[in-house]
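The chain contents come next:
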Amino acid sequence: MQLEALNQKFAIDNKVKIVNGKGNLTKVCVETPMASAEIYLHGAHMTSFRQQNQERLWLSPIALFQTDKSIRGGIPICWPWFGPHSTNPNFPQHGFARTSSFTVESIEENSNGEIAIAFLLTSDEKTRMLFPYHFELRVKYQIGEKLGIEIDTRNTDEQAFSLSEAIHSYFKIEDIRQTHLTGLDTTVYIDKLTQQEKRQQGNLSFDGETDYVFSKSNSELLVEEAGKTTLRINQQDGDSTVVWNPWIDKAKTMGDFPDDGYFNMLCVEAANTGDNLIIKPGESHAITQQISFSASTSS
Ligand code: BG6
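Quick caveat, the model's predicted, so the values are computed rather than measured.

Topic: the sheet that holds strand β3 (residues 36-40)
- Read across the sheet, 5 strands follow the order β1-β2-β3-β4-β5 without closing on themselves; strand pairing throughout is antiparallel. On the outer flanks of this sheet lie β1 (16-20) and β5 (54-55), each paired with one strand and no other.
- In the sheet, strand β4 (residues 45-51) pairs with β5 via 2 bridges, with the strands oriented antiparallel. Counted as the bridge partner of Arg-50 is Glu-55 from β5.
- Each of β1 and β2 (26-31) is contacted by helix α1 (residues 3-10), which is oriented at about 170° to β1, the strand it contacts most.

Structure representation (structure tokens):
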């Protein structure tokens, strides 16, 4: 749909407009008294979420905005597999949703002033070459006092399918070395760097490359920066939480990630990484992450 038609259908006066973003890719801009946000149709990818003029997502200053690439930072949607494909190493890492062009299905303002946006991707010949099923994938955002993200998969095929997925949120932080993640004490995790299974003791702090897949934990996760809680993260219906920071050496191997970028970011991802998620024909499954932000250490 052209920009003019998109705006005619979905724009909300002074609050929501659809514009050409970087790389000539279309983005939805939201501006309300509670929060402002930017979401690209490419990947249904949120690249900015601001409250009180403070950016809360980390976006790489050298991110690529190209139809065949995922945007580095913000909130990539990994779907219908997380990490490398289980059998075909030539298939794209983290699935194809993050490099697919979504359509806007709906944009609404709720009675409390929140903006709810649903993006839709449906199966076609191209997706069936990578994932041989019919599906409807909805990525939904709730933009208000809190930020809500949902990945909602509907099986429109005649066969059941299994999938893995992640809401791969990159949070902007002041200093990774002064940051702790609480809420994972005693939780078992796989350290992807060594493939060892470990059990977390106390809060998680960071002093090197971190790539952990924690098994499901029900508690709220808190990001604490210099002793102050700056983010509260709640997630539902995922079997795991992924915590990732590439640190220096890995950052240097990534063309779209500045060498010192690791210092200001932390990924805390709501995910289904196991092989237990099976969706039957006609059924749906959703995973959510909800975040509330408090003033950061610099404010
Ligand atoms: C994390 C994975 O979710 O994403 C890491 O656990 C991976 O292993 C990271 O390196 C970034 O992936 P990508 O494909 O965006 O570079």
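Overview of empty space enclosed by the protein
- In this structure the tally under the stated criterion is 1 cavity of 30 Å³ or more.
- Lining the largest cavity, in full, are Lys-216, Ser-217, Gln-235, Gln-236, Gly-238, Asp-239, Ser-240, Thr-241, Ala-270, Ala-271, Ile-287 and Thr-288.
- Every element with two or more residues in the lining of the largest cavity is listed here: β20 (228-236), β21 (240-245), β22 (265-272) and β24 (284-293).
- Tallied by class, the residues present in the lining of the largest cavity amount to 3 nonpolar, 7 polar and 2 charged.

Topic: the nonpolar core
- Counting residues in hydrophobic clusters, the biggest one holds 66 residues, and the most contacted among them are Val-28, Met-46, Trp-79, Phe-119, Tyr-141, Ile-143 and Leu-147.
- With 5 residues, the top contributor of residues to this core is strand β9 (residues 135-143).
- With 8 residues, the next largest nonpolar core counts Ala-251, Met-254, Met-265 and Cys-267 among its residues.

Description of the site of the ligand
- Close to the ligand lie Arg-72, Phe-82, Gln-93, His-94, Arg-98, His-168, Lys-192, Asp-211, Val-242, Trp-244, Lys-250 and Glu-269, which account for all nearby residues.
- The side chain of Lys-192 places a nitrogen or oxygen atom 3.1 Å from an oxygen atom of the ligand.
- About the coverage of the ligand: the protein hides 89% of its 400 Å² of free accessible area.
- Taken together, the residues of the shell around the ligand break down into 3 nonpolar, 3 polar and 6 charged.

Here's the deal with the packing of aromatic side chains
- For the structure shown, the criterion picks out 23 aromatic pairs.
- Their ring planes at 90° and their centres at 5.9 Å tell us that Trp-79 and Phe-96 sit as a pair that is edge-to-face. Here Trp-79 is found in the loop between β6 (77-78) and β7 (103-109), whereas its partner Phe-96 is found in the loop between β6 and β7, with 17 residues between them in sequence. With respect to class, Trp-79 is no different from Phe-96; both count as buried.
- Between Phe-131 and Tyr-133 the ring centres are 5.0 Å apart and the planes differ by 65°, which places this aromatic pair in the edge-to-face class.
- By relative accessible area, which is 5% here, Phe-131 ends up buried.
- According to the relative accessible area criterion, Tyr-133 is buried, its value standing at 18%.
- By way of ring pairs, the aromatic residues Trp-79, Trp-81, Phe-91, Phe-96, Phe-131, Tyr-133, Phe-135 and Phe-161 are connected into one cluster.

Regarding the pairing of β20
- Alignment of strand β19 (residues 221-225) against β20, held across 5 bridges, turns out to be antiparallel. By the bridge assignment, Glu-224 is partnered in β20 with Thr-229.
- The antiparallel hairpin formed by β19 and β20 contains 2 residues in its connecting segment, where Ala-226 sits at a positive phi of about 45°.
- Sheet topology note: the β20/β24 ladder contains 6 bridges and is antiparallel. Across the sheet, Gln-235 pairs through a bridge with Gln-289, a residue of β24.

Definitions and limits used
- Residues numbered from 1 in each chain as written.
- Predicted model: local features only at pLDDT ≥ 70, side-chain atom pairs only at ≥ 80, totals over all residues.
- Heavy atoms only, no water.
- Pairing = 2+ DSSP bridges.
- Helix = DSSP H or I, 4+ residues; strand = E, 2+ residues; numbered from the N terminus.
- Contact = heavy atoms within 4.5 Å.
- Axes fitted to C-alpha atoms, helices over the stretch in contact; angles between N-to-C directions.
- 1 Å grid on protein atoms, 1.4 Å probe; cavity = no way out; pocket = protein on both sides within 12 Å on 5 of 7 lines; lining within 4 Å.
- Points joined across faces, edges and corners; volume = space filled by probe spheres on them.
- Nonpolar A, V, L, I, M, F, W, Y, C, P; charged D, E, K, R; others polar.
- Core = buried A, V, L, I, M, F, W, Y, C linked by side-chain atoms within 4.5 Å.
- Buried < 20%, exposed > 50% of the residue type's maximum accessible area, 1.4 Å probe, protein only.
- Near = heavy atom within 4 Å.
- Polar contact = N/O pair within 3.5 Å; in protein donor to acceptor, adjacent residues only side chain to side chain.
- Areas by Shrake-Rupley, 256 points an atom, 1.4 Å probe, with all protein chains shown as cover.
- Phe/Tyr/Trp six-rings, centres within 6.5 Å; stacked < 30°, edge-to-face > 60°.

The values reported here are purely geometric and, on their own, carry no functional implication.
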